[in-house]
Amino acid sequence: MNTIRQVPSRVKSRRSETNLGAEREHFDKQQLSSISKAINSTETPVKEKHARRIILGTHREKGAYTFWSYAIGLPLSSSTILSWKFCHVLHKVLRDGHPNSLQDCMRYYSNIAETGVLWGNLRDRHGYGQLVALYTKLLCSKLEFHTKHPDIPPNLEATDEVLERTAGTDINNVYVIFHFAVMPLCCHLNTSIAISTLTAGQCKLAPLIQVIQDCSHLYHYSVKLLFKLHACLPADTLQGHRERFHDQFHSLKTFFNKARDMQYFKRLIQIPRLPDSPPNFLRASALAEHVKPMVVIPDDEEPEEQEEDEPEPLIDVDIFDQAFGPPNNGFDDRDLQIENLKKEIELLRAELEKIKAEAQRYITQLKSQINSLEAELEEQRVQKQRALVENEQLRMELEATRSRNAEHESIQSTFVEAEKRAQATELRYNKLKEKHAELVANHAELLRKKVCISLYLDKSCVSPSFYFLLECMCLWLSQMNTSMTSLQAEKERLMRCVSEKEAELSALRQAAQVKESSLVQERERSSKELGELQGKLKEKVSREELLQKKLLEEQFALLQGTVAEAEMIIQDAVAKLDDPLHIRCTSSPDYLVSRAEATLGSIDKVQEGHAHYLKNMGDAGALLRALAQFSHLTADTIINGSATAHMAPTDHADRLTESCRGCASQSLRFLEELKSKASLKRADPASIRLMVQKILRIAQDLRPKGMDVGKDELGDMVDKEMAATSAAIEEAVRRIDVSLRTGEATSMTSQLTFQPAIRLLILSSTDLQKEIVESGRGAATVKEFYARNSRWTEGLISAAKAVGWGATQMVDSADKVVLHTGKYEELIVCSHEIAASTAQLVAASKVKADRGSKKLSSLQQASRHVNEMAANVVASTKTGQEQIEDKDTMDFSGMSLIKLKKEEMESQVKVLELETMLENERLRLGELRKKHYEIAGAPLEQLSQDNGLHAPSPTAPSSPKSSKPALMKKPALAQKPNLPPKNMVKFPLTCES
């Protein structure tokens, strides 16, 4: 019975070409259907599913070629509604389509502009003409801008770093980007003319969703770029820009408020709220108060309706009929197989659609969560920036308060010094006053004495002595007058000083009182502000603690989600261990080793991520990534371990399966510990490492023993095996020549003269091998080249050994046939073995050889010659066997009826015995080949095919990694023709009288 595996290559290629053509035809048909349903003259909004299929089509063909091939033929000049919906779909393709769609749309720039000019000069009863003109103008400006600035994507979702890099340090670039950013996208779209509850109004309002998304990004870009301009240019130069931005700000805010109140937009988009007033660009710190508006598209999607699209054909039955012929009697096993495959494909397709839908829903939820987290992160950044600004202001106010306190202390010390100086001045004033009173008293006493003296002089005679005392008195009086004059001047001077000091003291007292009152007020205000600042600080600290707590909870929630997903992955892998369908799956020990080693590496990353998360529980990113990789690799190791156990001996299979279950159990225990905060710190994947290492050791034990040869020994082994093969062939040739010279050779031995052809084959292979090594090793040595290409080297060694062994066996079998101790079948088997070994040697050499190599052509010619000679040996062997059988002619003429019946019965018994022996020998041959292929690392399917059996097609693919050919082992025997068992003919026993 033919199977799918045996379909000729030309049929497969023809079927693949037919499938590709049908797939392309189906894709074009689906795109045409979506475009015709999305862009029509019906006054209804464009359905999201039709636009989404058009967008997915651009991602599939990496461009908008198919869209424009159909859109260019639309009659845009016949209907304004058609043109309006075309602009809507084109805007969606530009925003969400493949990046190459921008270049495809630029090719039809003139068509878009002509559509706007056409409807801008006309009036229609629906009122779409001016809207189409404005929409096309917007699309043309968008195309020009993104063509000039390719770093900014068409959906305008560029980071601040990309915007800074695009603007650069050239002020002109900043002007250009700013002018595009403040384009009046929304001012000309009058939403008041549309009623959102009617389909006609929804048709006009639907494109505003893309306009709102663009406006949110353009508003953010405008603010960033205007702050950048104010940082580079004087404020007076940018007065016009600020005024224009203010107008655009109020227009955009009005537009957002009107759109937010419409019922149509409430279920489709979350429109952000702009601040009450535009940013103050004259104050650089105002940039920290700016919040980027975030537009959120809810998860609710319109339900998918049933489409009347024809399903794609799964299998072309005609191709199978052409390849294998029509079925017999209207029914064949292939029909049943095809039906089963169809059912399996339908089940897999339904499961795939379910997985895709679930993945899409999960992606949508993650996107929504990412948007909300980004909004919260942006808000936290703004709050952090505000807190930094507030801290800076508080620090400045605190410095000012400290400086005022220092000034108050200096004034207080000055006031104290003034008080001391005033007290000293008052003390000096009191002393001067006492001295003045004493001088006045002395002056009065002197005046009284003068009067007395004058009276005395008038009444009495004056004597000389009296005049002498009188002169002395006058002198004394003059001295006293002089002293009085100086004292009076000193008094006046001191009085002036006292008055000045009193005035200064009064002024100081007044200033001190004013300062004291101001300091009291300042102290009261500072204490009040300090209390308010302390309250704000406490509020900020509590808010930061709340945000930190929320961040920790979100990170832990993400960890729980990842752990739950990892548990599901590992549990799914464990479920496959007991799945009956999984028994058909097989894998190689080599692939299991690679999976186990990768799992050990992922366990190291999990430990590092776990340690990092325990140090900083606000950042679980490293642990989440490590857990995702760990779960997939662990599940892969468990599944491949179970698949490898299906091909392993019973002892190894039991230990490997038990280790896989233990690995799954330890992994689930470790993941369970990560779920709880109490057990999070003591979670340790060390037990998982031990189980994976155990799986790795078992897989290494299951590797073919021929792989134990070191890579550094391969170079020496190549030369050694080639030399041994050449020596074996030379010995075979020598033995044949000796037989021919001594006359001992028969006609059968003379047919073995194709040994020189084998020698030529080995010589050509050796030359080609040297050419391959010299052309491919580069600066490396020959041994390094063989070590680097160990798989190819081992295959070459195995093929060379097989050729030498086959040549030796051929001569030995021929000698036995000549001496009548051997069988002709041995020659046939040896011929097949040499042909198969030759093909293996050519294939191994052809892998690394250049296609145009002359030595490769010589090797292929020698291989064909060897195959021809082997065919001649088989043919001559069968001829000789037939001649021998013909000599023994059966003569039953002298036998009676009873004797013939007896001989017939004995013959039937012998036939049964031979058939039993044949079946037993075939079973023995199958077991031998199975053991051979197990040692050589060959897949089970090849073994089944060599035994003439058909292995069941597995439901899951086996390991893609090919096995290495074995070293130092006898090559596989050539495939024996598959002979059907003979049907035993039963004859009834009859007696004749």
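Residues numbered from 1 in each chain as written. Predicted model: local features only at pLDDT ≥ 70, side-chain atom pairs only at ≥ 80, totals over all residues. Heavy atoms only, no water.

For the chain, the name recorded in an unreviewed UniProt entry is I/LWEQ domain-containing protein, with Pygocentrus nattereri as its organism. Database annotation for the chain, UniProt heading Subcellular location (unreviewed entry): "Cytoplasm". Per UniProt, the comment on the chain under Sequence similarities (unreviewed entry) is "Belongs to the SLA2 family." (UniProt positions renumbered as here; feature names shortened; annotations may be inferred.)

A few words on the overall build of the chain. Within the chain, the secondary structure is distributed over 29 helices and 0 strands. Of all 993 residues assigned to the chain, the portion counted as buried reaches 36%. Of all intrachain contacts in the chain linking residues separated by at least 6 positions in sequence, the fraction that spans at least 24 positions is 79%. For the chain, the accessible surface area stands at approximately 58500 Å², while carbon and sulfur atoms represent 55% of it. (Helix = DSSP H or I, 4+ residues; strand = E, 2+ residues; numbered from the N terminus. Buried < 20%, exposed > 50% of the residue type's maximum accessible area, 1.4 Å probe, protein only. Contact = heavy atoms within 4.5 Å. Areas by Shrake-Rupley, 256 points an atom, 1.4 Å probe, with all protein chains shown as cover.)

Let us now look at the nonpolar core. Leu 559, Leu 627, Leu 656, Phe 670, Leu 671 and Leu 674 are the most contacted members of the largest nonpolar core, which has 43 residues in total. Every element with two or more residues in this core is listed here: α16 (464–577), α17 (589–615), α18 (621–645), α19 (650–675) and α20 (686–702). Among the nonpolar cores identified, the runner-up in size contains 35 residues, and Leu 761, Ala 807, Val 817 and Val 842 belong to it. (Core = buried A, V, L, I, M, F, W, Y, C linked by side-chain atoms within 4.5 Å.)

Attention now goes to the packing of helix α25 (residues 790–818) against helix α26 (residues 824–848). Packing of α25 against α26 brings their axes to within 8 Å, and their N-to-C directions diverge by 160 degrees. The orientation of α25 with respect to α26, classified from their angle, is roughly antiparallel. Pair α25 / α26 crosses with left-handed handedness. Residues that form the contact of α25 with α26 fall into these classes: 18 nonpolar, 10 polar and 4 charged. (Axes fitted to C-alpha atoms, helices over the stretch in contact; angles between N-to-C directions. Parallel < 35°, antiparallel > 145°, perpendicular 65-115°, else oblique. Left-handed = near helix turned anticlockwise from the far one by under 90°. Nonpolar A, V, L, I, M, F, W, Y, C, P; charged D, E, K, R; others polar.)

Turning our eyes to something else, we now look at the UniProt feature "coiled-coil region" (unreviewed entry) in the chain. Under the feature "coiled-coil region" (unreviewed entry), the UniProt entry names residues 331–449, 484–511 and 895–931. A distance of 39 Å separates the end C-alpha atoms of residues 484–511, which is 100% helix and 0% strand. Within the segment residues 895–931, helix and strand shares are 95% and 0% respectively, and the terminal C-alpha atoms sit 50 Å apart.

Glancing now at α18. Along its 25 residues, α18 runs 36 Å from first to last C-alpha, staying within 8% of the 36 Å computed at 1.5 Å per residue. In terms of burial, α18 is largely enclosed, as 18 of its 25 residues are buried. (Expected span 1.5 Å × (residues − 1).)

Time to look at helix α11 (residues 208–232). Relative to the 36 Å expected for 25 residues at 1.5 Å per residue, α11 spans 35 Å between its end C-alpha atoms, a close match to the ideal helical length. The element α11 is extensively covered by neighbouring structure, given that 22 of its 25 residues are classed as buried.

For the coordinates displayed, the defined rule picks out 26 salt bridges. Note that Lys 228 and Glu 164 form a salt bridge whose closest N and O atoms lie 3.3 Å from each other. Taken together, the positions of Lys 228 in helix α11 and Glu 164 in helix α8 (residues 160–167) put the pair 64 residues apart, joining distant regions of the chain. A relative accessible area of 38% means that Glu 164 is categorised as partly exposed. Ionic pairing is found between Arg 689 and Asp 604, a salt bridge with its closest N-O pair at 2.5 Å. Taken together, the positions of Arg 689 in helix α20 and Asp 604 in helix α17 put the pair 85 residues apart, joining distant regions of the chain. Look at Asp 604 and you get partly exposed, because its relative accessible area is 33%. (Salt bridge = Lys/Arg side-chain N within 4 Å of Asp/Glu carboxyl O.)

Relative to the helices and strands, Thr 58 resides in helix α2 (residues 48–60). Filtering out sequence-adjacent residues up to four positions away, Thr 58 remains in contact with Gly 63, Ala 64, Val 93, Gly 97, His 98 and Ser 101.

This next bit is on the environment of Ser 101. Inspection of the secondary structure assignment puts Ser 101 in helix α5 (residues 101–106). Remark: the alpha-carbon pair of Ser 101 and His 59, spanning 42 residues in sequence, is separated by 9.1 Å. Leaving out residues up to four positions away in the same chain, Ser 101 has contacts with Thr 58, Gly 63, Ala 64 and Val 93.

Taken as a whole and assessed by the stated rule, the structure comprises 0 disulfides. Of all cysteine sulfurs, the one in Cys 87 lies closest to Cys 140, which takes part in no disulfide; the gap is 8.8 Å. (Disulfide = S-S within 2.5 Å.)

What follows deals with the packing of aromatic side chains. For the structure on display, the rule yields 13 aromatic pairs. Each ring, one from Phe 255 and one from Phe 256, has its centre 5.9 Å from the other, and the planes form 45 degrees; the classification is tilted. Residue class for Phe 255 comes out buried when judged on its relative accessible area of 5%. Under the relative-accessibility criterion, Phe 256 is labelled buried at 1%. Taken together, the ring pairs connect Tyr 219, Phe 227, Phe 245, Phe 249 and Phe 281 into an aromatic cluster. Between Lys 204 and the ring centre of Tyr 128, over which it is positioned, the NZ or CZ distance is 5.0 Å. Sitting above the plane of the Phe 556 ring, Lys 677 keeps its charged end 5.1 Å from the centroid. (Phe/Tyr/Trp six-rings, centres within 6.5 Å; stacked < 30°, edge-to-face > 60°. Lys NZ or Arg CZ within 6 Å of the ring centre and 35° of its normal.)

The next thing to look at is the packing of helix α6 (residues 109–120) against helix α7 (residues 129–148). The contact between α6 and α7 brings their axes to 7 Å, and the two run at 155 degrees. Classed by the angle they form, the pair α6 and α7 counts as roughly antiparallel. As α6 packs across α7, the resulting crossing turns out to be left-handed. Side by side, α6 and α7 meet where Tyr 109, Ile 112, Ala 113, Thr 115, Gly 116, Trp 119 and Gly 120 of the first sit next to Gly 129, Gln 130, Val 132, Ala 133, Thr 136, Cys 140, Leu 143 and Glu 144 of the second.

Moving on to unusual backbone geometry. With phi around 55 degrees, Lys 62 is a residue other than glycine that occupies positive phi space. Within the secondary structure, Lys 62 sits in the loop between α2 and α3 (65–71). Take Lys 62: its relative accessible area is 54%, and that puts it in the exposed class. One non-glycine residue with positive phi stands out, namely Leu 156, at about 60 degrees. When you line up the elements, Leu 156 lands in the loop between α7 and α8. Of the residues examined, Leu 156 reaches a relative accessible area of 2% and is grouped as buried.

This brings us to the environment of Leu 432. By secondary structure assignment, the location of Leu 432 is in helix α15 (residues 333–459). The spatial distance from the C-alpha of Leu 432 to the C-alpha of Glu 490 is 9.3 Å, given a sequence separation of 58 residues.

Side chains of Tyr 362, Leu 366 and Ile 370 sit close together on the surface and give an oily, nonpolar patch of about 280 Å² of accessible area. With respect to the helices and strands, Tyr 362 occurs in helix α15. By relative accessible area, which is 48% here, Tyr 362 ends up partly exposed. (Patch = residues over 30% accessible without salt bridge, like charges linked within 9 Å, V, L, I, M, F, W, Y side chains within 5 Å.)

Right, let's talk about the confidence of the model for the chain for a bit. Averaged over every residue, the pLDDT of the chain is 77; the share at 70 or more is 78%. Of all secondary-structure elements in the chain, the lowest mean pLDDT belongs to helix α29 (residues 940–946), at 40, while helix α4 (residues 80–96) reaches the highest, 93. The low-confidence segment residues 301–331 (pLDDT under 50) makes 48 contacts with residues lying over four places distant or belonging to another chain. (pLDDT = per-residue confidence, 0-100.)

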